[in-house]
Amino acid sequence: MPASDQIPPARSTPVRATGPARGAQVRPATEGWTQKKDAEGRPLLQFASPKRGKPPVHLADMTPPERIEKVKELGLPGFRAKQLATHYFTHYTSDPAHMTDLPAAQRDELVAGMLPPLLTEVRRLETDRGDTIKFLWRLHDGALVESVLMRYPGRITLCVSSQAGCGMNCPFCATGQAGLTRNMSTAEIIEQIVRANRLIANGELGGKKADDHSMERVSNIVFMGMGEPLANYKRVMDAVRVMVAPQPEGLGMSARGITVSTVGLVPAIRKLADENIPVTFALSLHAPDDQLRDELIPVNSRWKVDEALDAAREYFEKTGRRVSIEYALIKDMNDHAWRADLLAEKLNARGRGWVHVNPIPLNPTPGSIWTSSDVDVQNEFVRRLNDAGIPTTLRDTRGKEIDGACGQLVATTEDEAAAASLG
């Protein structure tokens, strides 16, 4: 999901897989870092968030009735809660100076109690055209997270983080190399969207010629930033509910424009299917065979490929929403034609019309074993899936020049120094 500052390469010799038609087989290997292991030598998985100080409770953490009660605790009538929600969810502001409908004498105290600061912008990086922006945010406790805002024809997508760091320990994703710092709160997730909407309204997202941006806002959310969303299940789902709640109770977004991804936490996938919220579900598969996926995606040691695919199929059956399969194409590691055939076989065995595959060219690091497949290999992989009746579209890797593409979200030592300089 969106990794890496350039990681020093390790030397690795491709080994031949059995069978002359299978081609070179590179095995996954960590480069420039030591993978955390448990007492039995298996990659360590962190499902529980480490204990840290909780972020301040924010309007977006509360239900509408809770907001009213909180406002009353602060000594104001309950209807002020809706006014605050309108400013935050409709006008995308936390600045009391813009809230002239609130009583001047109590305005600052009310805003401080209901809309405490959650994210401090440390840095933003933009592509030359300005249509992709990566944000580095500092949370209240110094933890760092990133999000990426992208303009496409007809839509604006925000890739949000749901955790600081990640506990899934996948060797090709820099986000997880430092492990899990903590879960993000519901409001910290929502604040990424509100801040992006404010930037758009101010005309700071490039790629559009018109001067009036007042009616524009984020239309699509992908939970593909830092973290494993389903490992922070309650807060992520609470955030989704705030996203889809009509304004001014929430952001008034369409659930169909929200994509929740996972590396394969099967019980949580089944729980998601019962939420009755028609989000798009994406399974980050990256290998159709357990032998490779055990090494590539450590959570596969808990729930195997077939279990994850069965749960994904159940999601489709319960919701009617087509499932996305995310597949990072890595040269000589998982991009073999026979793996495309095996993936098609496994998907078709569970029926037709329920799934769409998104192969993603891995963002290359020169000299590393983790590099993108050759173009002809990518095309052959896609062709085989399409020929097998599996709708397949090669993903556009936006933002890689600013380390904002899939697999490239990570807080570096330089980022930490920049955050510390803010005081």
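Residues numbered from 1 in each chain as written. Predicted model: local features only at pLDDT ≥ 70, side-chain atom pairs only at ≥ 80, totals over all residues. Heavy atoms only, no water.

## Details of the sheet that holds strand β4 (residues 132-138)
Within a beta sheet, neighbouring strands are joined by backbone hydrogen bonds and run either parallel or antiparallel to one another.
1) Next: With mixed pairing, nine strands are arranged side by side in an open sheet as β3-β4-β5-β6-β9-β10-β11-β12-β13. This sheet does not close on itself; its edge strands, each paired only once, are β3 (120-126) and β13 (355-361). Across the sheet, the mean angle from the axis of one strand to that of its neighbour is 20 degrees, orientation sign disregarded. (Pairing = 2+ DSSP bridges. Helix = DSSP H or I, 4+ residues; strand = E, 2+ residues; numbered from the N terminus. Axes fitted to C-alpha atoms, helices over the stretch in contact; angles between N-to-C directions.)

## Overview of the pattern of salt bridges
1) Next: Considering all chains together, one arrives at 30 salt bridges under this definition.
2) Next: Here arginine 42 ties to aspartate 38 by a salt bridge, and the two come within 3.3 Å at their closest N and O atoms.
3) Next: Among the charged side chains, a salt-bridge network with shared partners connects Asp341, Glu380, Arg383, Arg384 and Asp387. (Salt bridge = Lys/Arg side-chain N within 4 Å of Asp/Glu carboxyl O.)

## Structural notes on helix α10 (residues 375-387)
1) Next: Over its 13 residues, α10 extends 18 Å from the first C-alpha to the last, a length consistent with the 18 Å expected when each residue adds 1.5 Å.
2) Next: All of the buried residues along α10 are Gln378, Phe381, Val382 and Leu385. Buried residues along α10 cover an arc of 90 degrees about the axis, so they all sit on one side. Seen from the open side of α10, the exposed residues pointing more than 90 degrees away from its buried face are Asp376 and Asp387.
3) Next: Buried residues in α10 make contact with β12 (323-329), α9 (337-348) and β13.
4) Next: Glycine 389 sits one or two positions beyond α10 and adopts a positive phi of about 90 degrees. (Expected span 1.5 Å × (residues − 1). Buried < 20%, exposed > 50% of the residue type's maximum accessible area, 1.4 Å probe, protein only. Arc of directions from axis to C-beta. Contact = heavy atoms within 4.5 Å.)

## With respect to helix α3 (residues 104-114)
1) Next: Looking at α3, one finds that the buried residues are Arg107, Leu110, Val111 and Met114. All buried residues of α3 project into a common sector of 95 degrees when viewed along the axis, lining one side. Of the exposed residues in α3, those oriented more than 90 degrees away from the buried face are Ala105, Asp108, Glu109 and Ala112.

## So, the pairing of strand β11 (residues 280-284)
1) Next: The buried fraction of β11 amounts to five of the five residues, a majority that puts the element mostly inside the structure.
2) Next: The alternating pattern of β11 places Thr280, Ala282 and Ser284 and Phe281 and Leu283 on opposite faces, both of which are buried.
3) Next: Relative to β11, strand β10 (residues 258-262) runs parallel, the two sharing four bridges. Residue pairing for β11: valine 260 is matched across the bridge by phenylalanine 281.
4) Next: Sheet analysis places β11 next to β12, joined by three bridges and oriented parallel.

## Details of the state of the cysteines
1) Next: Under the definition given, this model contains zero disulfides.
2) Next: You can see cysteine 166 has no disulfide; the closest cysteine sulfur is in cysteine 173, sitting 6.5 Å from it.
3) Next: No disulfide involves cysteine 173; its sulfur sits 6.5 Å from that of cysteine 170, the nearest cysteine.
4) Next: What makes cysteine 173 buried here is its relative accessible area of 11%. (Disulfide = S-S within 2.5 Å.)

## Here's the deal with the packing of aromatic side chains
1) Next: Under the defined criterion, the tally for this structure stands at six aromatic pairs.
2) Next: Plain terms: the ring middles of phenylalanine 281 and tyrosine 315 are 5.3 Å apart, the flat faces sit at 40 degrees to each other, and that makes the pair tilted. Placement of phenylalanine 281 in strand β11 and of tyrosine 315 in helix α8 (residues 305-319) is noted, with a sequence separation of 34 residues between them.
3) Next: On the basis of an interplanar angle of 40 degrees and a centroid distance of 4.9 Å, the ring pair of tyrosine 327 and phenylalanine 381 is categorised as tilted. One end of the pair, tyrosine 327, is in strand β12; the other, phenylalanine 381, is in helix α10, and 54 residues separate them in sequence. Exposure class is identical for tyrosine 327 and phenylalanine 381. Each is buried.
4) Next: Its end group placed over the ring of tyrosine 152, arginine 155 keeps NZ or CZ at 4.2 Å from the ring centre. (Phe/Tyr/Trp six-rings, centres within 6.5 Å; stacked < 30°, edge-to-face > 60°. Lys NZ or Arg CZ within 6 Å of the ring centre and 35° of its normal.)

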